[in-house]
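Chain by chain, the residues:
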Amino acid sequence: MIQHILDGLTNCLELKNLLVMFFAVPIGILVGVLPGFGATTGIAILLPVTFGMGLEPTTAFLLLISIFMAAEYGGSLSAILINTPGTAAAVCTTFDGYPMAKNGKGLEAIYYSLSASTLGGFFGAVILLFFTPALAKFSLRFGPAETFWLAACGLALVGTLSSGNMLKGISSAAIGILLGCVGMDPLTGHPRFTFGVPELRSGLEVMAALLGFFAVPQALSMLEIKEKPIVQSISHGFNSFFKIFRDVLRYPMTLLKSAIIGTIVGIIPGAGASIATFISYGEAKRCSKNPQKFGTGIPEGIICSEASNNALVGGALVPLLAFGIPGNAAAAVLLGGLAIYGLRPGISLFTEQAPFVYTIFVGLFFTVFVMLAWGATTIRVFTNVLKVKPTYMVGPILVLVLIGVYSIRYQHGDMYALALFGILAFFLMKLRFSLPAIVLGLILGHLVEDNLRQAISIGESHGNVWKYFFSSKIDIVLILVTFFLISMTIFKELNIVNLIKKKKNELYGG
Amino acid sequence: MIRSKKVFLPITLILIFSLIFLGGCSSQLSKQTEPQGPEKKEEVKQETKQEIKYPEGPVTLHCAFNPGGGVDTMFRTTQAFLEKELDQPVIVKYTSGAGGEIGWNEFSKAKPDGYTITGLITPHIILQPMLRDTIYKTDDFLPIALVSFCPGVVLVPNDSPFKDFQQFLDYAKQNPGKLTVAITGTQSFDHVQTILLNKNLGIELKMVVFATGADAVKAVLGNHVDAFVTNILWTVQQKENLRTLVVLDEQRHQYAPDVPTIKELGYDIKDYSSNVKGFAIHKDTPPEIVSKLQAVFEKIANNPEFQEKMNEAGMGFKYFNTEQALEYINRDVEIHNKIKEDLLKEIK
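Residues numbered from 1 in each chain as written. Chains lettered and ligands numbered in written order. Predicted model: local features only at pLDDT ≥ 70, side-chain atom pairs only at ≥ 80, totals over all residues. Heavy atoms only, no water.

## Re the environment of Thr378(A)
Residue and element names in this part refer to chain A. Operational definition: By definition, any uninterrupted DSSP run of H or I lasting at least four residues is a helix, any uninterrupted run of E lasting at least two residues is a strand, and each is numbered from the N terminus. Relative accessibility thresholds used throughout: buried, under 20% of the residue-type maximum; exposed, over 50%; partly exposed, between the two (1.4 Å probe, protein chains only). In protein, a polar contact requires one atom able to donate a hydrogen and another able to accept it; more generally it is a pair of N or O atoms within 3.5 Å, and residues adjacent in sequence count only if both atoms are side-chain atoms.
You can see Thr378 is positioned in helix 16 (residues 354-383). Residue classification places Thr378 among the buried positions, given a relative accessible area of 18%. Within the structure, the side chain of Thr378 is placed 2.7 Å from the backbone oxygen of Trp374, a separation counted as a polar contact.

Right, dumping it as structure tokens:
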């Protein structure tokens, strides 16, 4: 294996491969930054280009994974600067990234994101390099029942996302789940909530909802800001970057936990990147000494979310290369790419095509560092956004978002959906509903329903539906975690309610 | 408290925004139905007077699915060959949604001038108009050439106790409702195959529906379900992990030359249908253009380089000309009509 790794290293150091990675990373950052475009779109657009350029499979794949990795970081830039997640996995970065930017620490926030992305990506690459065969077997143990419990565990995070206002948090998640029900029933094919509109049959586009919920209300509330934004408090340059990089290392537990969560969720096919960041964020908040500070713009909030979404890149490649099962949408496009280049994923790929596989593995480390270099040098370009008066940002944001939404599946309907979601979200925000909880419900609702119904079908054939849901060790662990999360939430909530009552008594009852 | 002044501005903006937006969309829609080649209006006038020159501008391959899917792969493989033959740029355009329905609705309304060639795929173009109220109809398509032919297969994991189809069948007969099979989507190819298996062989396979093929493979590999009923494409993709028990067709397929067909095993296969893909234009296209395109596609389909590329891309190359394609599709419509009720039934 050492020999393979060294061969991979030599391949990566070839000039053309280095050049490809060097130029692919900024493209990746850019597709990540643009709301609606993400790793998936970037890879889908560039795949035929690599084919047209007549690149060798290895070089082509180095290009594509560079895009994948860099887009996950790029998504955090728009999350921080304009409160709009550039990719679905950057939703949680908005929670603390944008408040930080609003407090005049935008540059610092991006440095935090870059550092955490780098470390997370590095972790995922290490796991991929050394543990792929073992982890590949583990990923298969997640059947419908296990995935159902994982998603349920994710839904239990509503509590952490909306503490202090549980009722609104739960109703927000319910709205999200309801929106997720639109489309064809997965088992019967009957249209649900489609009102006879054929475009609605394939369901609401998650990205349209996401941008509607974050970008549009954000753009609208920018109109309410009169004063100029606060200018950055620290200077550009490598010195301040290294200072922050060291600062990030002061949160080793948050980093490690988020990276592990990111990698594991990446390995589980079908779970998706956003659930990884939600779980990491919830977990970081739960373990923190001052959970109430989360959401006000603290570095930890950015670190956990970014470390996990970049760690996921390595994880997503595990089932892809070992079984040809993509862990998420971007990996699915990569799978199509493998097929076009005549490479069949499977354990034998690791022996038959060892140079290819190990070059990709080692290449992942390179992309992490190229991303770091580009990220640190181009930050200036992006932070200029902060100097613009918010009112002037409204137009460009809305235009970008509209184009982004249309580019996902070329449907006009998605643009109407975006506008509707945006208006809905603006009022929900004013009414203090939790937008993240709605998004959580929308994303996880599907996962819960599909897997629940699959598990019921399988359970019936075994003769006992209930037993099937509790039949494996993973089931039991996930159930315990879910109950732990729920009871913690209830416990904390009661404390908060008591506190509020006490204060009221002090004030009025006296 | 929210001050009324602060709310007023955004609301006005929302209204303006949505108005502009609505206007923008409608004009975009109307633009799309306009002819796509250059100087199309003049061409229409000339139609009656003189010979039609085709193609005079870029030709669009219209994909009713997302990039990266089967139809897109077929288009990307054909694109270069078609450009060479037509001596015009060939563009791939995507309008996806509702399993192809959105795109084909649009296609059925487009001008029948031969500049829009759509990708057709069965059973989608048969089942959608049969089971729901679609704007397009199955006979709106005039198939120019079918180039991909993938029969159904039954796949089990390598470590499955079922070594051959007979063992699988015996177990299924003895344990009705106990054997689970993964299928991708409802009213889909996999669904049709399983219904046909159940009906023709008198067994009761329990269907578990997955959203994508990858999800289904994952469940089969992890032994969460017993088998995967799908098309032969997955035999190729999962050669290492899954064993193909049977090919649901009359003839062996180039992708699984060692796997027996259901006919060889002694079962009547009249009623099995396969997953075919190809190129179609609108049925009202002028005959000169139709015959030009037929000739072009015949030439491409007979090119060994094209055939090899299609097979490599997992398309399962097999060529049907218009006549053969229509015959195949009509037979397929009959088969699907017979199981219409079963397809509408809820999977339990």
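## So, the side chain of Ser457(A)
To keep things clear, this is the line we draw: Any two residues whose heavy atoms approach within 4.5 Å are treated as being in contact.
The topology assignment puts Ser457(A) in helix 19 (residues 435-462). Owing to a relative accessible area of 6%, Ser457(A) belongs among the buried residues under this scheme. When near neighbours in sequence (up to four residues on either side) are disregarded, Ser457(A) contacts Leu187(A), Lys206(B), Met207(B) and Val208(B).

## Things to note about the confidence of the model for chain A
It should be kept in mind that the predicted coordinates are not to be read in detail where pLDDT is low. Note the following rule: pLDDT measures the predictor's confidence residue by residue and takes values from 0 up to 100.
Taken as a whole, chain A shows an average pLDDT of 83; of its residues, 95% reach a score of 70 or greater. Element-level pLDDT for chain A is lowest in helix 7 (residues 158-161) of chain A, with a mean of 71, against a maximum mean of 90 in helix 2 (residues 15-33) of chain A.

## Let's talk about the interface of chain A and chain B
Operational definition: Once two parts are put together, the accessible area they lose, assessed with a 1.4 Å probe and summed over both, is termed the buried area. By convention in these notes, a salt bridge is any Lys or Arg side-chain nitrogen within 4 Å of a carboxyl oxygen on Asp or Glu. Polarity classes work like this: nonpolar for Ala, Val, Leu, Ile, Met, Phe, Trp, Tyr, Cys and Pro, charged for Asp, Glu, Lys and Arg, and polar for all others, with Gly in that last group.
On the chain B side, the residues contacting the 59 residues of chain A number 54 residues. Summing both sides of the interface, chain A and chain B together bury roughly 4800 Å²; the carbon and sulfur share of this comes to 64%. Where chain A meets chain B, there are 1 salt bridge. At the level of elements, helix 6 (144-155), helix 13 (299-323), helix 17 (390-409), helix 18 (412-430) and helix 19 of chain A are the ones that each hand at least two residues to the side of chain A that touches chain B. Residues belonging to the side of chain A that touches chain B are distributed by class as follows: 30 nonpolar, 17 polar and 12 charged.

## Looking at the sheet that holds strand 5 (residues 152-157) of chain B
The test is simple: We treat two strands as partners when DSSP finds at least two bridges between them. A fitted line through C-alpha atoms represents every axis, and for helices the fit uses only the stretch in contact; the resulting angles, taken between N-to-C directions, go from 0 to 180 degrees.
Across the sheet, which stays open at both edges, the 5 strands sit in the order 7-6-8-5-9 (chain B) with mixed pairing between neighbours. In the strand order of this sheet, the two ends are held by strand 7 (206-210) and strand 9 (242-248) of chain B, each with one partner. Between one strand axis and the next, the sheet turns by 30 degrees as a mean value, whatever way the strands run. Running over the sheet, helix 19 of chain A touches strand 6 (180-184) and strand 7 of chain B and is turned about 165 degrees from strand 7 of chain B. The strands touched by helix 6 (residues 165-174) of chain B within the sheet are strand 5, strand 6, strand 8 (227-231) and strand 9 of chain B, with strand 9 of chain B carrying the most contacts at an inclination of about 80 degrees.

## Observations concerning the environment of Val247(B)
All names here are of chain B. By the element assignment, Val247 lies in strand 9. Under the relative-accessibility criterion, Val247 is labelled buried at 0%. Sequence separation between Val247 and Val59 is 188 residues; the distance between their C-alpha atoms is 37 Å. If sequence neighbours within four positions are ignored, Val247 has contacts with Pro151, Gly152, Val153, Ile232, Ala256, Val259, Pro260, Thr261 and Ile262.

## Some remarks on the pattern of salt bridges
What the rule picks out here adds up to 18 salt bridges over all chains. Arg453(A) is the partner of Asp185(A) in a salt bridge, and the nearest nitrogen-oxygen pair spans 3.2 Å. Residue Asp185(A) is located in the loop between strand 1 (183-184) and strand 2 (191-192), and its partner Arg453(A) is located in helix 19; the two are separated by 268 residues in the primary sequence. Arg453(A) shares its class with Asp185(A); the two are buried. Asp72(B) is the salt-bridge partner of Arg76(B), the closest N and O atoms lying 3.5 Å from each other. Placement of both Arg76(B) and Asp72(B) in helix 3 (residues 70-86) is noted, with a separation of 4 residues, approximately one turn of the helix. Here the residues in one salt-bridge network are Asp185(A), Arg192(A), Glu449(A) and Arg453(A), joined through shared partners.

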